[in-house]
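Letter by letter, the chains look like this.
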Amino acid sequence: MYCSFCGQKDIELLKFNEILKDFFDHIFDLDSRIFSTFKHLMIRPGFLTMEYWKGKRTKYIPPFKIYLITSFLYFFTSSFLPVSVIDSDEGNAKNEEITSSNDNSALSLDYLIDDYEKEIELFFLLPITALGLSFLNRNKKTLFFSHHFIASIHLSSAWFIMQIFIDIFETFFPQYSVLLTVSYIFLLLYANSMIKNLYRNSLTLSIFKTFILALFVIVSMLIFVAFVSLFFLITSP
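Residues numbered from 1 in each chain as written. Predicted model: local features only at pLDDT ≥ 70, side-chain atom pairs only at ≥ 80, totals over all residues. Heavy atoms only, no water.

S.K.: Quick question: what am I supposed to make of the packing of aromatic side chains here?
M.R.: Geometrically, a pair of aromatic rings is defined through the distance of the ring centres and the angle of the planes. Scanning all chains against the criterion turns up 10 aromatic pairs. Note on Tyr74 and Trp159: the rings are 5.9 Å apart at their centroids and 75° apart in plane angle, and the pair reads as edge-to-face. One end of the pair, Tyr74, is in helix α4 (residues 63-80); the other, Trp159, is in helix α7 (residues 145-172), with 85 residues separating them in the sequence. There is no split in this pair, since Tyr74 and Trp159 are both buried. (Phe/Tyr/Trp six-rings, centres within 6.5 Å; stacked < 30°, edge-to-face > 60°. Helix = DSSP H or I, 4+ residues; strand = E, 2+ residues; numbered from the N terminus. Buried < 20%, exposed > 50% of the residue type's maximum accessible area, 1.4 Å probe, protein only.)

Right, here's the structure in full:
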């Protein structure tokens with residue numbers, strides 16, 4: 001029944017459902033850890049990061065895998081969501097403005113952010129957030145940049161999940177778009193709670209750090225996009 005050399009089942013033909021099970025188990029690691037991981041990720045901000053720092057890593061999905069799963073779900077959901085009426089009107093207005101333009105002014109910050117917003121979020125958000133956390137908590141001598149990078153991964157992963165629900169709400173209920181401004185407050189509340197729990201800060205200090213971190217990330221992204229936009233303007237014929 002079992003091979004005397006490797007210990008695995010000595011069978012020549014596998015059923016298709018067994019092949020599928022092996023595929024999902026090894027590629028996506030879809031076992032009980034995924035439910036426990038996402039539950040703690042969303043309900044207990046900072047808990048997974050602290051557990052990872054302590055070396056308790058077998059009970060939960062590794063940070064990079066969490067980030068890959070959540071970012072995949074975010075982009076997958078966004079690609080299938082229909083464009084809302086408001087977004088469609090705004091897109092048409094911008095396309096008409098680009099068409100009527102005879103120079104390179106169309107490659108402005110506005111258009112670059114709109115066209116590559118998700119790509120910028122995916123590749124730029126992690127290191128900048130980690131850098132901001134590292135600067136704000138530089139008095140924590142036992143923590144290195146890698147510690148803050150893990151915190152950034154968990155924070156960004158939670159952000160992706162919340163953004164999925166925000167995008168769905170915006171798509172199917174565009175008439176309540178005013179409420180979206182309020183929904184973004186939850187992102188800041190989550191970040192504040194994570195910083196408070198993770199770095200053992202007071203409520204006042206954690207609010208201050210959350211505000212500075214958000215400001216740092218926004219300004220850094222705008223500077224990055226400005227440089228890219230300037231590069232396109234200089235190099236384009």
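There is more to say, and it comes next.
S.K.: So what exactly am I meant to see when it comes to empty space enclosed by the protein here?
M.R.: A probe as big as a water molecule, rolled over the atoms, marks out the empty space that is left. The final tally for this structure, using the stated rule, is one cavity of 30 Å³ or more. One number sums up the size of the largest cavity: a volume of about 40 Å³. Around the largest cavity, the lining residues are Leu133, Ala151, Leu155, Ala191, Met194, Ile195, Leu198 and Tyr199. Elements that contribute at least two residues to the lining of the largest cavity include exactly α7 and α8 (178-198). If one sorts the elements of the lining of the largest cavity by residue count, α8 sits on top with four residues. Along the lines of polarity and charge, the residues of the lining of the largest cavity split into eight nonpolar, no polar and no charged. (1 Å grid on protein atoms, 1.4 Å probe; cavity = no way out; pocket = protein on both sides within 12 Å on 5 of 7 lines; lining within 4 Å. Points joined across faces, edges and corners; volume = space filled by probe spheres on them. Nonpolar A, V, L, I, M, F, W, Y, C, P; charged D, E, K, R; others polar.)

S.K.: What's the story with the confidence of the model for the protein in this structure? I'm lost.
M.R.: For residues with low pLDDT, the predicted coordinates do not support detailed interpretation. With 67% of its residues at a pLDDT of 70 or more, the protein has an overall mean of 76. By mean pLDDT, the top-scoring element of the protein is helix α3 (residues 47-53) (94), and the lowest-scoring one is helix α5 (residues 85-100) (49). Considering only residues more than four positions removed or in separate chains, one finds that residues 10-14, a stretch of pLDDT under 50, has four contacts. Of the regions scoring below 50 in pLDDT, residues 98-107 engages in 10 contacts with residues more than four places distant in sequence or in other chains. (pLDDT = per-residue confidence, 0-100. Contact = heavy atoms within 4.5 Å.)

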